[in-house]
Amino acid sequence: MAKFTGPRGKLVRRFGVNIYGHPKYDRLLERRSDGPGQHGAGAARRKVSEYARQLVEKQKLRHSYGLLEKQFRRVFRKALLMRGVTGDNLLVLLETRLDNIAFRAGLGCTLMQARQLVNHGHLMVNGQRVDIASFRVKSGDVISVRDNAASQALVTRYMAENPRFTGTDWFSIDQKTLMVTVNRLPQRDEIPSAVNEHLVVELYSK
């Protein structure tokens, strides 16, 4: 699957927020809070148009979930067809991807690591092996690790290296059995996104 392979640290500095949720980017922002490049320090002083603000919010959201433009547009079209607030729908669709919930649960130290777990077939949903990162989980789904030594050892090591995720109201984790249960779909205030999704909706509505 195609993926972004550029320097993530530069994106974090450009946006001024840790869009990847990894502590190393918090440390980066503490050391270098200005934008990347020769003129990064003066970027904040330039006047920013409304379109530019919308574009930045879209890029922040797209990169935080590791999607390319075509993939992101596809998710937005689904959100647009759903009942309710389009921005909230968009975030819920992104948050309930299998690779993302594996990351949120600590099965991978980074989103890319969690995505690799899915792509390599280490995870199951309701007892069925799933190797599609964009697979969307729903209320009541149970995510588990394949019952083989390699998969169990790999995920156990990742969780030991990444103890900061302990679950939330909308999903729970059993660290002994390496199982994640989706209790319900997340609400907007339960999604850790520093993005103004309404600007994203405005951008695509033009």
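Keep in mind that what you see is a predicted model, and the values were worked out from it rather than measured.

### Let's talk about the sheet that holds strand β5 (residues 179-182)
Reading across the sheet, the five strands line up as β2-β1-β3-β5-β4 and stay open at both edges, with antiparallel pairing between neighbours. Edge strands, defined here as strands with exactly one partner in the open sheet, are β2 (128-129) and β4 (171-174). Where β4 meets β5, four bridges bridge the pair, whose relative direction is antiparallel. Its bridge partner lying in β5, Ser172 is registered against Thr181.

### A short note on the pattern of salt bridges
What the rule picks out here adds up to 12 salt bridges. With its nearest N and O atoms 2.6 Å apart, the salt bridge here joins Glu95 to Arg104. Between Arg188 and Glu197 there is a salt bridge whose closest N-O contact spans 2.9 Å. Connected via shared salt-bridge partners are Lys58, Arg62, Glu69 and Arg73.

### Comments concerning helix α8 (residues 149-161)
Between its first and last C-alpha, α8 extends 18 Å over 13 residues, near the 18 Å set by a 1.5 Å rise per residue. Listing the buried residues of α8 in full gives Ser151, Leu154, Val155, Tyr158 and Met159. Buried residues in α8, looked at end-on, bunch into an arc of 130°, giving them a common side. Residues of α8 that are exposed and point over 90 degrees away from its buried face: Ala149, Ala150 and Ala160. Buried residues in α8 make contact with α7 (111-119), β3 (142-145) and β4. Sitting at the head of α8, Asn148 places a side-chain oxygen 3.3 Å from the backbone nitrogen of Ala150.

### What to know about the pairing of β5
Burial along β5 is one-sided: the face carrying Val180 and Val182 is buried and the face carrying Met179 and Thr181 is not. Examined bridge by bridge, β3 and β5 share two bridges and lie antiparallel to one another. Residue pairing across strands places Ile143 opposite Val180, the latter belonging to β5. Where β4 hands over to β5, the hairpin turn is made up of four residues, of which Leu178 adopts a positive phi near 60°.

### Points about the environment of Gly66
By secondary structure assignment, the location of Gly66 is in the loop between α3 (50-64) and α4 (69-81). Spatially, the C-alpha atoms of Gly66 and Asn100 are 9.5 Å apart, while their sequence positions differ by 34 residues. Sequence-distant contacts of Gly66, that is, excluding residues within four places in its chain, are made with Gln71, Leu111, Met112 and Arg115.

### What about the packing of α3 against helix α9 (residues 197-204)?
Close contact between α3 and α9 brings their axes to 8 Å; oriented N to C, the two are set at 115°. Considering the angle they form, α3 stands roughly perpendicular to α9. The handedness of the crossing between α3 and α9 is left-handed. Residues Glu50, Tyr51, Arg53, Gln54, Leu55, Glu57, Lys58 and Leu61 of α3 form the contact with α9, whose participating residues are Leu199, Val200, Glu202, Leu203 and Tyr204. Classifying every residue of the contact of α3 with α9 gives seven nonpolar, one polar and five charged.

So, how was this worked out
Residues numbered from 1 in each chain as written. Predicted model: local features only at pLDDT ≥ 70, side-chain atom pairs only at ≥ 80, totals over all residues. Heavy atoms only, no water. Pairing = 2+ DSSP bridges. Helix = DSSP H or I, 4+ residues; strand = E, 2+ residues; numbered from the N terminus. Salt bridge = Lys/Arg side-chain N within 4 Å of Asp/Glu carboxyl O. Expected span 1.5 Å × (residues − 1). Buried < 20%, exposed > 50% of the residue type's maximum accessible area, 1.4 Å probe, protein only. Arc of directions from axis to C-beta. Contact = heavy atoms within 4.5 Å. Polar contact = N/O pair within 3.5 Å; in protein donor to acceptor, adjacent residues only side chain to side chain. Axes fitted to C-alpha atoms, helices over the stretch in contact; angles between N-to-C directions. Parallel < 35°, antiparallel > 145°, perpendicular 65-115°, else oblique. Left-handed = near helix turned anticlockwise from the far one by under 90°. Nonpolar A, V, L, I, M, F, W, Y, C, P; charged D, E, K, R; others polar.

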